[in-house]
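# Chain and residue survey
Here's the letter readout for the chains.
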Amino acid sequence: MHLTGLGYPQEKLPLDRVLDVGCGSGQNTRCLAPHFRSVLATDISPAQIKEATARNTFANIEYRVAAAEEIPMPAESVQLVTACTCCHYFDMPRFFAEADRVLAPAGILGIYSVRTPKVYRNGMFSTELNHVLMQAFEAIGNDWGRVWKDVEDRYGDPRFRLPYPGEVRDESHDQEQTLTLDGLLGFIGSLGSFQKMMARCGAERGEALLQLTRERFQSVLSNGKPEVDTSDIGITLRHPYFLLMARKPVSR
Ligand SMILES: C[S@@+](CC[C@H](N)C(=O)[O-])C[C@H]1O[C@@H](n2cnc3c(N)ncnc32)[C@H](O)[C@@H]1O
């Protein structure tokens with residue numbers, strides 16, 4: 001997303017205030033800080049806000065506990081509302097009503113999300129490694145299933161249609177990271193859905209799933225030869241993003 005200007009009329013620049021809802025630990029909020037005078041980032045989870053605040057190195061970001069459906073800001077006070085990888089948890093009509101209330105005329109509403117990552121090895125899509133990853137996701141269970149449907153559908157469900165005309169969809173951005181097997185298992189273990197599964201089913205179930213997933217990855221990486229050391233092999237995760245955005249009309 002190109003934030004500089006955002007297509008605002010010149011007299012409305014420089015950009016002033018942005019709201020990032022469902023900010024989690026702030027990993028996407030941080031990208032907004034250099035482009036705005038001030039950033040308010042909110043999340044319903046006090047634990048996430050505590051972590052985001054502890055990690056914060058930007059003087060112009062403020063983190064606060066708040067639901068996306070009840071935003072603690074005056075009407076028409078921000079030029080951009082963003083929500084990354086969280087709308088699938090929201091009551092969308094209530095969130096859209098709040099976003100519309102706090103957005104200034106000509107302000108932008110952008111909702112975006114990362115999709116299920118794809119696994120590559122030596123620059124090639126690996127059917128076997130992707131199969132192991134999908135087995136792990138499926139074993140994570142209920143919560144993953146519900147989220148998976150919405151994100152793999154790239155918010156195709158009508159409840160995600162933005163409340164303004166001229167909605168733009170952008171699916172041109174991917175993020176890549178190359179990990180060792182330990183790093184890949186750490187990524188799976190850090191997923192919110194995995195944490196919820198452990199809270200539901202117990203830590204042993206989580207540990208057992210990670211161990212089984214490790215063995216399956218090792219078997220693919222070593223071509224079924226247990227004596228091969230797979231710990232330093234680089235595995236690339238490609239995270240595809242999609243973005244929906246639209247501008248609040250100046251007058252209605
Ligand atoms: C997958 S995380 C995404 C965090 C962050 N936006 C990112 O991209 O890294 C989803 C976040 O949505 C938050 N969340 C879920 N329901 C919410 C709601 N109704 N209002 C605000 N935040 C909510 C969760 O607490 C969690 O931090």
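Throughout what follows, the structure given in this document is the object of discussion. Values in this document were obtained by computation on a predicted structure and should not be read as measured data.

What follows is about the site of the ligand. In the region of the ligand, 18 residues are neighbours, and Gly22, Asn28, Asp43, Ala68 and Cys84 sit closest. Between the ligand and the protein, one listed contact pairs a nitrogen atom with a backbone N or O atom of Gly22 at 2.7 Å. Between the ligand and the protein, one listed contact pairs a nitrogen atom with a backbone N or O atom of Cys84 at 2.8 Å.

Extensive coverage of strand β10 (residues 235-247) is indicated by the burial of 10 of its 13 residues. Sheet topology note: the strand β5 (residues 103-114)/β10 ladder contains 7 bridges and is antiparallel. Paired with Ile108 across the two strands is Arg247, which belongs to β10. Relative to β10, strand β6 (residues 118-121) runs antiparallel, the two being bridged by 3 bridges. Looking at β10, one finds that Val119 is bridged to Leu237. As paired elements, strand β8 (residues 168-170) and β10 share 3 bridges and run antiparallel to each other. Note on β10: the bridge partner recorded for Asp170 is Leu243.

With that out of the way, let us pick up the packing of helix α7 (residues 192-201) against helix α8 (residues 203-221). Any two packed helices are characterised by how steeply their axes cross, that is the angle between the axes, and by the distance between the axes. For the pair α7 and α8, interaxial distance at closest approach is 6 Å and the crossing angle is 130 degrees. With respect to α8, the element α7 is oriented oblique. Across from Phe194, Met197, Met198 and Cys201 in α7, the residues of α8 making contact are Ala203, Arg205, Gly206, Leu209 and Leu210. Of the residues belonging to the contact of α7 with α8, the class tally is 7 nonpolar, 1 polar and 1 charged.

Further remarks concern the state of the cysteines. Note on terminology: a disulfide is the covalent bond linking the sulfur atoms of two cysteines. What the rule picks out here adds up to 0 disulfides. Free of any disulfide, Cys86 has its nearest cysteine sulfur in Cys87, 5.3 Å distant. Exposure remark for Cys86: the relative accessible area of 5% places this residue in the buried category.

So, on to helix α3 (residues 92-102). Looking at α3, one finds that the buried residues are Met92, Phe95, Phe96, Glu98, Ala99 and Val102. What you see down the axis of α3 is that its buried residues fit within an arc of 165 degrees, all on one side. Looking at the packing, one finds that the buried side of α3 touches β1 (17-21), β4 (78-84) and β5.

Scoring rules and cut-offs
Residues numbered from 1 in each chain as written. Predicted model: local features only at pLDDT ≥ 70, side-chain atom pairs only at ≥ 80, totals over all residues. Heavy atoms only, no water. Near = heavy atom within 4 Å. Polar contact = N/O pair within 3.5 Å; in protein donor to acceptor, adjacent residues only side chain to side chain. Buried < 20%, exposed > 50% of the residue type's maximum accessible area, 1.4 Å probe, protein only. Helix = DSSP H or I, 4+ residues; strand = E, 2+ residues; numbered from the N terminus. Pairing = 2+ DSSP bridges. Axes fitted to C-alpha atoms, helices over the stretch in contact; angles between N-to-C directions. Parallel < 35°, antiparallel > 145°, perpendicular 65-115°, else oblique. Contact = heavy atoms within 4.5 Å. Nonpolar A, V, L, I, M, F, W, Y, C, P; charged D, E, K, R; others polar. Disulfide = S-S within 2.5 Å. Arc of directions from axis to C-beta.

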